[in-house]
Amino acid sequence: MLSGLLTVIATAILTFPAHAYDVAAVTGGGTIEGTVVYRGDVPTKKIIPTKDTATCGGVREEPLIRVSADKAVESAVVYLADVASGKAWPEPGKKPVLNNHNCRFEPEVQVIPAGPLDVLNSDPVLHNTHGYYGKRTAFNMALPNEGQVIPTELKKAGTVRVDCDAHGWMEGWIYVVDNPYYAITGADGKFTITDVPPGTYKLVAEQPFTGPTEMPVTVTGGQATKLDIELKKQ
């Protein structure tokens, strides 16, 4: 009986739902804004297409992190973790898309709310697009036809690494968030997160090569909290 009871308890713990984000009115919210930089060496990986070269291109070197002349990081994801309530999600617009184009993922890095995603093949070659939460498959789909779209859904927050089983050099990243306090940097490395309720939070800045950098941030109502965030290889 005891072993059966323990099994029930363990099952309940494993299936206990995560706390959902609650939308609530934000009065006197503040803003977090800043720039993400990386001052280390920028390594490259050598891409050697072994098939479909008319579409995929030739041998080339590609950086593992895109950094401007003044060290600003492009496509760094910045978000607040463990936020229980706050502003409403943005109005739904076009469904997020992961595009296989010229044997690359476009965008290479994106951040989306938990929910639907369209996977598109814009190439005249077969792609087999495979996404993972860690080692667990999130989706795995063959797209043999140009213009083909297959919908999927990413239901939980976390980092989804994407590759192509047909073209081993392809790699992309989807950061799935559980609250609307997030941003992704452009080529200038800048980001802004608005309507943050006053308080202290854990802020995470992340890029696939460096991994996450975490820091506390305190937001004051009606004011902008300015940050310069330096990523370092973990």
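Before reading on, note that the structure itself is shown above.
Here we summarise the structure given alongside this text. (Residues numbered from 1 in each chain as written. Predicted model: local features only at pLDDT ≥ 70, side-chain atom pairs only at ≥ 80, totals over all residues. Heavy atoms only, no water.)

Quick notes on the overall build of the chain
- Within the chain one finds 2 helices and 20 strands.
- Overall, the C-alpha framework of the chain stretches about 60 × 55 × 35 Å when taken along its three principal axes.
- Within the chain, counting contacts between residues at least 6 apart in sequence, those at least 24 apart form 63% of the total.
- Within the structure as shown, the chain displays about 12500 Å² of accessible surface, and the carbon and sulfur contribution to it stands at 55%.
- Put simply, the chain has 21 plus and 26 minus side-chain charges, and the middle of one group is 4 Å from the middle of the other. (Helix = DSSP H or I, 4+ residues; strand = E, 2+ residues; numbered from the N terminus. Contact = heavy atoms within 4.5 Å. Areas by Shrake-Rupley, 256 points an atom, 1.4 Å probe, with all protein chains shown as cover. Lys, Arg positive; Asp, Glu negative; His and termini not counted. Charge placed at Lys NZ, Arg CZ, Asp CG, Glu CD.)

Let's talk about the pattern of salt bridges
- By the definition in use, this model includes 10 salt bridges.
- Here Lys45 makes a salt bridge to Glu171, at a shortest N to O gap of 4.0 Å. Residue Lys45 is found in strand S3 (residues 44–47), and its partner Glu171 is found in strand S15 (residues 171–177); the two are separated by 126 residues along the sequence.
- One continuous salt-bridge network, built from bridges that share partners, spans Lys45, Arg161, Asp163 and Glu171. (Salt bridge = Lys/Arg side-chain N within 4 Å of Asp/Glu carboxyl O.)

So, unusual backbone geometry
- Residue Pro107 is reached from Glu106 by a cis peptide bond, and omega for that bond is -5°.
- Mapped onto the elements of the fold, Pro107 is located in the loop between strand S8 (104–106) and strand S9 (109–113).
- Its identity as a non-glycine residue notwithstanding, Asp52 has a phi of 55°, on the positive side.
- Among the secondary structure elements, Asp52 is positioned in the loop between S3 and helix H2 (53–56).

Let's talk about the sheet that holds strand S7 (residues 97–101)
- Pairing is mixed across the open sheet formed by 4 strands, whose spatial order is S8-S7-S10-S13. Edge positions in the sheet fall to S8 and strand S13 (149–154), since each of these pairs with one other strand and no more. Geometrically, the sheet is characterised by an average inter-axis angle of 25° between neighbouring strands, direction not taken into account.
- With 3 bridges connecting them, S7 and S8 associate as antiparallel partners. Bridge pairing links Asn99 to Glu106 in S8. (Pairing = 2+ DSSP bridges. Axes fitted to C-alpha atoms, helices over the stretch in contact; angles between N-to-C directions.)

Focus on the sheet that holds strand S5 (residues 77–81)
- Judged by pairing direction, the sheet is antiparallel, and its 4 strands sit side by side in the order S16-S5-S18-S19 without closing on themselves. Looking at strand neighbours, the two that pair on one side only are strand S16 (182–184) and strand S19 (211–219), the edges of this open sheet. When strand polarity is set aside, the average angle formed by the axes of neighbouring strands in this sheet is 20°.
- Looking at chain direction, strand S18 (residues 199–207) and S19 are connected through 9 bridges and run antiparallel. Residue Thr200 lies in a different strand from S19, and its bridge partner there is Thr218.

Thoughts on the state of the cysteines
- Applying the stated criterion across every chain, the model contains 1 disulfide.
- The disulfide that involves Cys56 links it to Cys103, with 1.9 Å between the sulfurs. Across the S-S bond of Cys56 and Cys103 the torsion is about -45°, and the bridge reads as left-handed. Here Cys56 is found in helix H2, whereas its partner Cys103 is found in the loop between S7 and S8, with 47 residues between them in sequence. For the pair Cys56 and Cys103, a shared accessibility class is recorded, and that class is buried. (Disulfide = S-S within 2.5 Å. Buried < 20%, exposed > 50% of the residue type's maximum accessible area, 1.4 Å probe, protein only.)

Function cannot be inferred from these measures alone, as they are strictly geometric.
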